[in-house]
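# Working through the structure, step by step
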Amino acid sequence: MRKYCILFLFLGLQLSSFCQAPQSWSSADMYLALRKLNVLGSVLYIAAHPDDENTRLITYLSKDRVYRTGYLSLTRGDGGQNLIGDEQGIDLGLIRTQELLAARRIDGGEQFFTRAYDFGYSKTPQETFTKWDKEKILSDVVWVIRKFQPDVIINRFPVTGEGGHGHHTASGILANEAFDAAADPNRFPEQLKYVTVWQPKRVLWNTFNFGGTNTTREDQFKIDVGGYNPLLGKSYGEIAAESRSQHKSQGFGVPASRGESLEYFKATKGDQPVNDLMDGVELTWKRVPGGEVIAKMIDELTRNFDLLHPEKSVEGLVYLYKSINNLPDSYWKTQKQKEVYVLIAQCSGLFLDATTTEQFAVQTDSIRINFSFNNRLGTDAILQKVQVDNFDSAFTRTLERNKNLNFSKTIYIPAENPITQPYWLEKKMAEGYFNVSDQLQIGEPDIDPAYSAFIVVKIYGERFTFIRPVRYKFTDPVKGELYQPLVTVPPVVLSPQEDVKVISPDKTSLKGTISARGMKKGFNGNVEVLSAISGKEVKNVTISNKNLSIGAKNQVTEIEYAGDAAKKNEELLFSVSAEGKNPVSDDKHEIRYDHIPWINYFHKSAVAVKYIDLKTYNKKIGYITGAGDKVPEALEQMGYEVSLLTDKELSRNNLGQFDAIITGVRAYNTHEWMNKHYEKLMKYVHEGGNLVVQYNTSNQIGPVRAKIGPYNFNITRTRVTDENAPVTLLKPEHPVFNFPNKIGEDDFKGWIQERSIYHATDTSGKFEKLVSMADPGEKADEGSLLVAKYGKGWFTYTGIVFFRELPAGVPGAYRLLANIIALNKKKGF
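## Notes on the overall build of the protein
From N to C terminus, the protein includes 18 helices and 44 strands. Relative to the compact-globule value of 28 Å for 829 residues, the protein shows a C-alpha radius of gyration of 29 Å, a close match. Taken along the three principal axes of its C-alpha coordinates, the protein extends 90 × 70 × 55 Å. Here the protein holds 829 residues, and the buried ones make up 59% of them. Here the analysis covers contacts within the protein between residues at least 6 apart in sequence; of these, 75% occur between residues at least 24 apart. When the accessible area of the protein is evaluated, it comes to approximately 33300 Å², of which 47% is carbon and sulfur surface. Taking the average place of the 101 positive charges on the side chains of the protein and the average place of its 99 negative ones, the gap between the two points comes to 2 Å.

Here it is in structure tokens:
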């Protein structure tokens, strides 16, 4: 599959586009691309996360100055929060990766990543580098610079901390160090078998005025990026707003802007620009030996471009391609060949499509690929060859004007063909970075297509190989024709009902269910339960259906497993093997949202069994869903009966039936209707109920103090990011720490990512502050857990990150939440 990726890169195609409908440019797009051929300049923007980038500036650089423009996001945003679903961690990083790629398709930039994992909020770059492995991530930044060869690097964040987040400052530090390291042959010399050293002209800090911090000054270099592009019919602010609004998981929809918009810059490496960002950079074909004649050819093509008949430019573009090919090898020779290649395809109007009617290519099964070709503008084009995997067919067929050429071919998917998996998830990751050993994969934004069609067409006597990903195409009755990625899958997938099983002292047995879904018809195998660590069979766990037989495609067979509840933590791995075939122990996870392509990835079919000394009191929980979390599933694991409450249920139900009501994360940020239920919820508390509010953010709430709790409090941005930060119980005698579980120091061990976020401050004097904690070197804060008695009941606001700790099976989080739920039944306090 690696050779496919290299060819995609050569042709200048965005790898992410394999999951989109075939792209057809307008004549305006083609004209802009022609103009770009005569501009030999590149800019690389660097920051830490998806949504850190300045989309207005990227749009201006790519569509006005027509530079090759890229964005290097050090992470995929795995540690952020999610406003559209319950995905966290790896899943959220996959979503945000696709949101970034969607943004780049709009603003014209290219996208890159390092191996760094977004492990959550960090307050200092020092903390960040303890997890990222600074030298490893620096090597990735250097690699991208050496490949992309930017004339200018632009940082979103400075090295001095004004960006706030430790990741932000770290991105500035790495970019400035990479400026020197990329030009040093003694730094990361293993890269030089693929690339050469590169020295950018300067590093510019794109100063900012947001978040209450203004780092812009009138003596800094500035440019107006708010112009209007008549070819595109939009201002750069309008295009940028559409781009930025792709970050839907972060709630970053923004309004379009028009008119002057100034961006400010300060040089941190190299000299300060005076007249232009590219001061001192040769931006014409003079930077390529023999390039002056190429510039004249491009000028002529641009002058003669016919907006109504772009196909008239194809013969000239073919001649231009051959002329560039005769130049000495160089970065810009290769880059401009890519651009001309794409222009030839677009100006010719060739439609080249390879699709299936199935979403999955199943190992040991067959799939039918449908080819559809159309020479829509009548270019001189002869089809010579079509190849997909082992299918290779020669042609000598003239593609007639606007006549469809359709045919199909069935190919076999061998068992050794790899499943479709994001390359950064193929190996077990470290705490702060993904393990990727293939140098050529580092920096790549997306996975390779499962299959690609290589289509050779002779155009005006020159052979061109066009590569098209094989995609799943179908028609939705509402949305119309849609394309999604084709995914290679194993013949069967094993999906545990729960990824984590909580075993408490009152449980004497371990029970659960695995769903085996046949991805093809006619599969037979033997199911085993193994230790995920040793790989040996687990003797104390039995399964109900050891001999698995799948008769029909998509048939689901439920397999029950049971055993004695050992008082220890263990991880069970479920595997099925067929005679003569490799065992399958994969669970497929699919993520679907309308604004991005469907995401499929695989992880081991494993269940983490967590033995927790847990006692619970009360049974019925009402859970008001918020921005999305997996707390309800954890509550059910604890033995509670959980009812999900929406606007309708809150309006109709008698809330007195619930022993506790818990609001999901950011429920008050995401649901306006929460305000209208304020009185009913307060009445519930006053009459003896227990309302537990998980964190909300202050910047999106209207009347916080009046519409959440019975007494006034403010939500702040205070957070404790060190998951090992010491925790002090301010009132050890309080029921929260005593019933039904005795909470102590050990309950705060083994936490992940962080302790708490968005603490509260008591402005009414009515709340009890129960916990004090702080990151190293900071003043202790007492706002992570506030409780108040109101009438006969209890109200709690907590920033403690139960939504992260419970899915990870952290024992202390389960025990502490059980105590908070039990508050309204413990008398005498």
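Okay, back to it.
## Notes on the pattern of salt bridges
All chains considered together, the criterion is met by 39 salt bridges. A salt bridge links K222 to E218; its shortest N-O distance comes to 3.4 Å. Classification of K222 as partly exposed rests on a relative accessible area of 33%. Because the salt bridges share partners, they merge into one network encompassing E53, R104 and D107.

## Some remarks on the environment of L72
Tracing the backbone through its elements, the reader meets L72 in strand β2 (residues 68–73). Sequence separation between L72 and T114 is 42 residues, and the spatial gap between their C-alpha atoms is 7.7 Å. Excluding residues within four positions of it along the chain, L72 makes contact with L44, Y45, I46, A47, F112, F113, T114, V141 and V144.

## Thoughts on the sheet that holds strand β36 (residues 660–663)
The 7 strands lie next to each other as β35-β34-β36-β37-β44-β43-β41, forming an open sheet whose pairing is mixed. Pairing within the sheet leaves two strands with one partner each, and these edge strands are β35 (641–645) and β41 (768–769). Where β36 meets strand β37 (residues 690–694), 3 bridges bridge the pair, whose relative direction is parallel. Directly across from I661, in β37, lies its bridge partner L691. In this fold helix α15 (residues 678–686) packs onto β36, β37, β43 (785–790) and β44 (793–798), with an angle of close to 130 degrees to the strand it touches most, β37. Lying over the sheet, helix α18 (residues 811–821) contacts β34 (620–624), β36, β37, β43 and β44, oriented at roughly 140 degrees with respect to β37.

What counts as what
The written sequence of each chain sets the order in which its residues are numbered from 1. Under the rules for a predicted model, residues below a pLDDT of 70 receive no local features and side-chain atom pairs below 80 are neither given nor counted, while totals for whole chains, interfaces and linings still include all residues. In computing side-chain properties, one takes all heavy atoms of the structure into account and sets aside hydrogens as well as water. Only DSSP runs of H or I reaching four residues or more are called helices, and only runs of E reaching two or more are called strands; each is numbered from the N terminus. To get the radius of gyration, use the C-alpha atoms; to get the globule rule, take the number of residues to the power 0.38 and multiply by 2.2 Å. Note on classification: 1.4 Å probe, protein chains only; a residue is buried when its accessible area is under 20% of the maximum for its type, exposed when over 50%, partly exposed between these limits. In what follows, a contact means two residues having at least one pair of non-hydrogen atoms within 4.5 Å. The Shrake-Rupley method, run with a 1.4 Å probe sphere, supplies the accessible areas, and residue values consider only the shown protein chains as cover. The charge count treats Lys and Arg as positive and Asp and Glu as negative. His and the chain ends do not count. Positions of charges follow a simple convention, taking NZ of Lys, CZ of Arg, CG of Asp or CD of Glu. Any carboxyl oxygen of Asp or Glu within 4 Å of a side-chain nitrogen of Lys or Arg constitutes a salt bridge here. Pairing between two strands requires that DSSP report at least two bridges joining them. Helix axes are fitted only over the stretch in contact, all axes being lines through C-alpha atoms; the angle between N-to-C directions runs from 0 to 180 degrees.

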